[in-house]
Amino acid sequence: MSSDRAKARTETVEEVRERLGETFESGRTTNVVWRERQLKAVITLVEKHEKELTEAMAADLGKPAFEGWLTDLLTTRDEAKYALKHLDDWMKATKHAVPSVAQPGKAWTQSQPLGTVLVIAPWNYPVQLLLSPLVGALAAGNTVVLKPSELAPATSAVLAELVPQHLDPDAVAVVEGGVDVTTELLDQPWDHILFTGSTRVGQVVMEAAAKHLTPVTLELGGKSPTIVAGDADLKVAARRIAWAKWLNAGQTCVAPDYVLVEEHVADTFTRHVVEELASVRDRAEPTSIVNSSHLARLEGLLDGHGGEELLPRKVDADSRTFAPVVVREPDLDSPLMQEEIFGPILPIVSVESVADAVKFVNKRPRPLALYVFSESGDTSSDVLWRTTSGSACVNHAVYQVAIPSMPFGGVGPSGMGAYHGKAGFDTFSHTKSILRRPTKGDMKVAYAPYSGMVQKVMRMVTRWPSR
Ligand code: NAD
């Protein structure tokens, strides 16, 4: 164990926050060279330790090495590379016009780091969802406490070992632990909290943050709908939806949760999707369900859904693998259609028209993502305008989160705030408005009591209509 990790363990969370707060106060994190060095260190960390990190994710989640590389390491590296490339621009001050009342003077806005921030991550993409927010926080010049998920313990341990080896150990600290440790962390007065996880725990985080009026970014979950219009390329739609549902065994916040398909193509689409999932379930190495209670939760969702199950159930308690299941026309008030599935079960619901699918979506909480499959630009555009979701993708799923320049976040119960690219920099920055006025030529007449002449001139220069 490195001495830094030992140090982190012997400190209380308050001491860790104070130590990082002192580093922030020293001013070194505002320096662009420091920020660049940290971003390069994130790149080195994921590139150099690909083996340890993918092995840890395999130990925690049975994640195949290539998927771990693709979804966690490559995404993190690209996030850091993008920030490095644009950092100078993001840090530049923006000039503002000065109205006549405040003349003479120069006005500008400047992004400033918030201070010492807390990042809390879930287990499903345990590297990406911890280190990508870190990129935004470091680019903005903050000191950062990282809380990896206790449900991915091997990855948490590897990150706790590697982070202090690569990053400034007095500016970035990993605090490992479960709910008790998170609760202790949430008692502290942070300058910002970015939480990724469930809507339920998001409420806990926001309540705790409210005590200190700490601003929060909440990256939450929910049921992301997928609309398949009658004119969609049904084969391609089925392949892509099956891929997105099966990725990480469905344990993806932006996974298509359920499908709404126009009824005249529902049989054909269902046949294609069943074929796709049947072929991947035999071919691909399955990612495990994170733990036995989530496995039991998924089995529970299959009880009492009232629909027709296509593809036989295949659950292995030892390896915690759960083969994909398609459920045709489940009861809409069954838990399967009420709760976020977060596993490889795909409900398919027929609707009369795309307009009905839109009504269906709008009656439910605003989702993190929405997918629409259609060959018509008008249809997809109409769906996008009439629904509200954190993000959306037309004719594919999940990939919208891999565009480093686009903000990623939810809306309403699926989250608040965003990160990735400049949005991450902005999330962890305060935009300070600054006015500088010269002292030379100061005129006493500009102060109260205002003479009649001054009042007249002020009305004239501000183009106030004469009475
Ligand atoms: P979770 O909410 O159970 O846990 C997330 C974090 O919160 C963990 O670090 C955990 O230690 C902590 N935590 C758990 N219970 C707590 C409590 N009572 N008090 C304080 N802290 C607590 O989420 P999870 O099971 O790790 O992840 C799955 C959820 O996360 C799903 O709902 C999924 O949609 C969502 N998610 C969202 C995104 C996104 O980017 N929007 C990404 C991945 C996952």
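Analysis parameters
The numbering scheme is per chain: residues are counted from 1 as the chain's sequence reads. Selection of residues for local features in this predicted model requires a pLDDT of at least 70, selection of side-chain atom pairs for listing and counting requires 80 or more, and totals for whole chains, interfaces and linings are taken over all residues. Calculation of side-chain values draws on the structure's entire complement of heavy atoms; hydrogens and water are dropped beforehand. Between the N-to-C directions of two axes lies an angle of 0 to 180 degrees, each axis being a line fitted to C-alpha atoms and, for a helix, fitted only over the stretch in contact. Only DSSP runs of H or I with at least four residues qualify as helices, and only runs of E with at least two residues qualify as strands; both kinds are numbered from the N terminus onward. Any angle that is under 35 degrees is reported as roughly parallel, and any over 145 degrees as roughly antiparallel; angles of 65 to 115 degrees are reported as roughly perpendicular and all others as oblique. In what follows, residue pairs with any heavy atoms lying within 4.5 Å of each other are defined as contacts. Here, nonpolar core means buried Ala, Val, Leu, Ile, Met, Phe, Trp, Tyr and Cys residues that are tied together by side-chain atoms lying within 4.5 Å of each other. Throughout, exposure labels follow a simple rule: accessible area from a 1.4 Å probe, protein chains only, divided by the maximum for the residue type, with under 20% read as buried, over 50% as exposed, and the rest as partly exposed. For the domains described, the bounds stem from an automatic or database domain assignment. Only rings of Phe, Tyr and Trp enter the pairing, Trp through its six-membered ring, and a pair is recorded when the two centres are within 6.5 Å. The plane angle decides the type: under 30 degrees is stacked, over 60 is edge-to-face, the rest tilted. Think of it as a cone above the ring: NZ of Lys or CZ of Arg counts as a charge over the ring if it is within 6 Å of the ring centre and within 35 degrees of the ring normal. Two strands are said to pair when DSSP picks up at least two bridges between them. In this scheme the crossing of two helices becomes right-handed for a clockwise turn of the near helix relative to the far one and left-handed for an anticlockwise turn of less than a right angle. As a working definition, buried area equals the accessible area (1.4 Å probe) given up by two parts on being put together, with both sides summed.

### A few points about the packing of helix α4 (residues 50-61) against helix α5 (residues 65-91)
Next, step 1: Running from N to C, α4 and α5 point in directions that differ by 105 degrees, and their axes come no closer than 9 Å. In this view, α4 runs roughly perpendicular relative to α5, as classed from their interaxial angle. Counting all contacts with α4, which are made through Glu50, Leu53, Thr54 and Met57, the residues of α5 involved are Ala65, Gly68, Trp69, Asp72 and Leu73.

### Let's talk about the nonpolar core
Next, step 1: Counting 79 residues, the largest nonpolar core has Leu53, Leu134, Leu138, Leu146, Leu167, Val228 and Phe269 as its most contacted members.
Next, step 2: Ranked by the residues each element gives to this core, the list is headed by helix α6 (residues 128-139), at eight residues.
Next, step 3: Domain assignment of the residues forming this core places at least three in each of domain 1 (3-220 + 418-429) and domain 2 (225-409).
Next, step 4: Those residues in contact with Leu167 that sit more than four places away from it in its chain are Gln38, Ala41, Val42, Leu45, Leu134, Leu138 and Val172.
Next, step 5: Core analysis: the next-biggest nonpolar cluster, separate from the first, contains 20 residues, Leu20, Val145, Leu185 and Leu186 among them.

### Observations concerning the side chain of Ser429
Next, step 1: For Ser429, the position within the fold is in strand β18 (residues 429-436).
Next, step 2: Once residues within four sequence positions are removed from consideration, Ser429 is found in contact with Ser111, Gln112, Leu114 and Ala140.

### Concerning the packing of aromatic side chains
Next, step 1: Across all of its chains, the model carries seven aromatic pairs by this definition.
Next, step 2: With a centroid separation of 5.4 Å and 35 degrees between ring planes, the pair formed by Phe66 and Trp69 is classed as tilted. With Phe66 and Trp69 both in helix α5, this residue pair falls three residues apart, about one helical turn.
Next, step 3: Judged by centre distance (6.0 Å) and plane angle (45 degrees), the ring pair of Tyr82 and Trp90 falls under tilted.
Next, step 4: A connected cluster of aromatic rings, assembled from ring pairs, spans Tyr82, Trp90 and Phe425.
Next, step 5: Here the guanidinium or amino end of Arg364 rests over the ring plane of Phe360, the centre of that ring lying 3.6 Å away.

### What about the sheet that holds strand β4 (residues 143-147)?
Hydrogen bonds between backbone groups are what pair the strands of a sheet, and the pairing can be parallel or antiparallel.
Next, step 1: Here we have six strands laid out as an open sheet, ordered β5-β4-β3-β6-β7-β17, and mixed in their pairing. The open sheet is flanked by β5 (172-174) and β17 (415-416), the only strands paired with a single partner.
Next, step 2: Sheet topology places strand β7 (residues 216-219) next to β17; two bridges connect them, and they run antiparallel. Bridging from a neighbouring strand, Glu219 pairs with Gly415 of β17.
Next, step 3: Along the sheet face, α6 touches β3 (116-120), β4, β5 and β6 (192-196) and points at about 170 degrees away from the line of β4.
Next, step 4: Here helix α8 (residues 179-186) sits on the sheet and contacts β3, β4 and β6; the angle it forms with β3, its principal contact strand, is near 155 degrees.

### Quick look at the packing of helix α14 (residues 354-362) against helix α15 (residues 377-386)
Next, step 1: Put simply, α14 and α15 touch, their axes get as near as 10 Å, and they point 20 degrees apart. Considering the angle they form, α14 stands roughly parallel to α15. You can see that α14 and α15 cross each other, and the crossing is right-handed. Where α14 abuts α15, its residues Val354, Val358 and Asn362 lie against Thr379, Val383 and Arg386.

### Considering the pairing of strand β13 (residues 325-328)
Next, step 1: The two faces of β13 match: Val325 and Val327 on one face and Val326 and Arg328 on the other face are all buried.
Next, step 2: Sheet topology places strand β10 (residues 308-310) next to β13; three bridges connect them, and they run antiparallel. Residue Leu310 lies in a different strand from β13, and its bridge partner there is Val326.
Next, step 3: Bridge analysis of β13 against strand β14 (residues 345-351) gives four bridges, and the strand direction is parallel.

### Points about the domain arrangement of the protein chain
Next, step 1: Examined at the domain level, the protein chain breaks down into domain 1 (3-220 + 418-429) and domain 2 (225-409).
Next, step 2: For domain 1 and domain 2, the distance between their C-alpha centres works out to 31 Å.
Next, step 3: Counting from both sides, the interface comprises 20 residues of domain 1 and, opposite them, 22 residues of domain 2.
Next, step 4: With both chains or domains summed, domain 1 and domain 2 bury close to 1,800 Å², and 57% of this area falls on carbon and sulfur atoms.
Next, step 5: For the domain 1 face of the interface with domain 2, the top three residues by lost area are Trp123, Tyr125 and His420, together amounting to 27%.
Next, step 6: Put simply, the parts of the chain that give the side of domain 1 that touches domain 2 at least two residues each are α4, α5 and α16 (421-427).
Next, step 7: Among the elements that make up the side of domain 1 that touches domain 2, the one with the highest residue count is α5 (four residues).

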